[in-house]
Amino acid sequence: MALLAQTLRRSFLETRSILPPAFLLPFRANITTVSHGQSTGTVTEPLIQSGQQVPKDIQQQAAASPDSTKPVIFSRPASQIQKDATPSPLTPSIRHLLPLLHTQPSHYLTIHIHGHPYLITRGDSVRLPFLMPKVKPGDVLRLNRATHIGSRDYTLKAPEAIKGTRDAVKQILYLDERLFVCRAMVVGIESEPMRVLEKTKRRQRHVKHVYSKHKFTVLKISEVEIRSLEEYEALLEEK
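Residues numbered from 1 in each chain as written. Predicted model: local features only at pLDDT ≥ 70, side-chain atom pairs only at ≥ 80, totals over all residues. Heavy atoms only, no water.

- The name an unreviewed UniProt entry gives the protein is Large ribosomal subunit protein bL21m, with Melanomma pulvis-pyrius CBS 109.77 as the organism.
- Taken from UniProt, the Sequence similarities (unreviewed entry) comment for the protein reads in full: "Belongs to the bacterial ribosomal protein bL21 family." (UniProt positions renumbered as here; feature names shortened; annotations may be inferred.)

Now the structure itself:
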């Protein structure tokens with residue numbers, strides 16, 4: 001029995017070594033009963049245009065049949081796109097509350113001049129903490145940056161300011177300048193008394209004197225007016 005087992009094992013090893021490796025064996029063909037004929041739906045457009053390996057009758061059928069696979073693109077006029085991108089400043093709240101604010105007897109504004117806010121009304125004098133360039137006494141200035149328009153009973157506020165980040169500075173949003181009219185007259189230029197600053201260094205007797213005399217521009221608010229709803233709509237239509 002031992003000899004018979006050894007002979008069988010030896011014959012099995014010899015037959016396995018004679019067989020070729022698996023990657024040299026022929027592949028099995030996939031047999032199917034579905035016919036794959038050439039049709040216009042399976043032929044690509046570049047192949048049809050090239051005219052290679054495609055009969056002429058198939059090319060004519062492909063050219064005559066409409067291509068339903070192409071997407072249909074609907075384009076809108078540029079004016080309508082621009083109108084949708086820029087919302088109208090006349091909101092329902094402004095349409096409803098602006099007439100009520102307009103009928104109030106007196107109004108106040110929060111005006112921003114060079115980034116500084118000032119709460120003003122008609123007849124107020126404003127002393128700016130700097131010398132405004134390129135102005136002289138008697139000039140009339142139109143102040144068009146306001147964040148609040150109010151009266152005794154109503155207040156119209158601008159949207160909240162956008163907080164600054166490391167990459168972008170703080171952005172203050174103002175009300176539409178067509179809602180109001182605010183004018184100020186340059187009354188004059190004031191100057192403070194002369195300042196003398198003494199600067200010394202340690203273990204030195206020399207004293208350095210620094211002289212400074214700042215000048216300020218003084219404005220007087222001459223006109224504060226809130227436009228009516230009809231005037232505001234007319235200005236919007238002109239734009």
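**Examining the overall build of the protein**
1) Next: When helices and strands are tallied, the protein shows six helices and ten strands.
2) Next: Put simply, the protein has 239 residues, and 22% of those count as buried.
3) Next: Entry remark: accessible area of the protein is about 19,700 Å², with carbon and sulfur atoms responsible for 55%. (Helix = DSSP H or I, 4+ residues; strand = E, 2+ residues; numbered from the N terminus. Buried < 20%, exposed > 50% of the residue type's maximum accessible area, 1.4 Å probe, protein only. Areas by Shrake-Rupley, 256 points an atom, 1.4 Å probe, with all protein chains shown as cover.)

**Considerations on the nonpolar core**
1) Next: If you look at the biggest cluster of nonpolar residues, it comprises 31 residues, and the most contacted ones within it are Leu109, Ile111, Ile113, Ile120, Ile149, Phe180 and Cys182.
2) Next: When residues of this core are traced back to their parent elements, those giving at least two are helix 5 (92–102), strand 1 (108–113), strand 2 (116–120), strand 5 (146–150), strand 7 (180–191), strand 10 (215–226) and helix 6 (229–238).
3) Next: Residues within four places of phenylalanine 180 in sequence aside, it is in contact with Leu109, Ile111, Arg142, Leu143, Asn144, Arg145, Ala146, Ile149, Glu225, Ile226 and Arg227. (Core = buried A, V, L, I, M, F, W, Y, C linked by side-chain atoms within 4.5 Å. Contact = heavy atoms within 4.5 Å.)

**Focus: the sheet that holds strand 10**
1) Next: Taking strand neighbours across the sheet as the criterion, the four strands line up as 3-10-7-4 in an open arrangement whose pairing is antiparallel. Taken across any chain shown, the strands that pair with only one partner, and hence form the sheet edges, are strand 3 (125–127) and strand 4 (140–142). When strand polarity is set aside, the average angle formed by the axes of neighbouring strands in this sheet is 35°.
2) Next: Pairing of strand 4 with strand 7, which is carried by three bridges, proceeds in the antiparallel orientation. From the neighbouring strand, valine 140 faces strand 7, where its bridge partner is methionine 185. (Pairing = 2+ DSSP bridges. Axes fitted to C-alpha atoms, helices over the stretch in contact; angles between N-to-C directions.)

**Some details on the pattern of salt bridges**
1) Next: In total, this model carries five salt bridges according to the counting rule given.
2) Next: Residue arginine 178 pairs with aspartate 176 through a salt bridge whose shortest N-O separation is 2.9 Å.
3) Next: Residues arginine 195 and glutamate 192 are paired through a salt bridge, measuring 3.1 Å at the closest nitrogen-oxygen approach.
4) Next: When its relative accessible area of 10% is taken as the criterion, glutamate 192 is described as buried. (Salt bridge = Lys/Arg side-chain N within 4 Å of Asp/Glu carboxyl O.)

**Describing the side chain of glutamate 192**
1) Next: Residue position: glutamate 192 is located in the loop between strand 7 and strand 8 (195–200).
2) Next: A polar contact of 3.1 Å, which involves the side chain of glutamate 192, links it to the side chain of arginine 195.
3) Next: Look past the residues within four positions of glutamate 192 in its chain and what remains in contact with it is Lys213, His214 and Phe216. (Polar contact = N/O pair within 3.5 Å; in protein donor to acceptor, adjacent residues only side chain to side chain.)

**Let's talk about the environment of threonine 110**
1) Next: Tracing the chain through its elements places threonine 110 in strand 1.
2) Next: By relative accessible area, threonine 110 is classed as buried at 14%.
3) Next: Between the alpha carbons of threonine 110 and histidine 148 there is a distance of 5.1 Å; along the sequence they are 38 residues apart.

**What to know about the pairing of strand 5**
1) Next: Where burial is concerned, most of strand 5 is hidden: four out of the five residues are buried.
2) Next: Both strand 1 and strand 5 contribute to a ladder of four bridges, which runs antiparallel. Paired with leucine 109 across the bridge in strand 5 is isoleucine 149.

**Observations regarding the sheet that holds strand 2**
1) Next: With antiparallel pairing, four strands are arranged side by side in an open sheet as 2-1-5-6. Here the strands that pair on one side only, and so sit at the sheet edges, are strand 2 and strand 6 (155–157). With direction set aside, neighbouring strand axes in the sheet form an average angle of 15°.
2) Next: Bridge count between strand 5 and strand 6: three bridges; the pairing is antiparallel. Paired with histidine 148 across the strands is lysine 157, a residue of strand 6.

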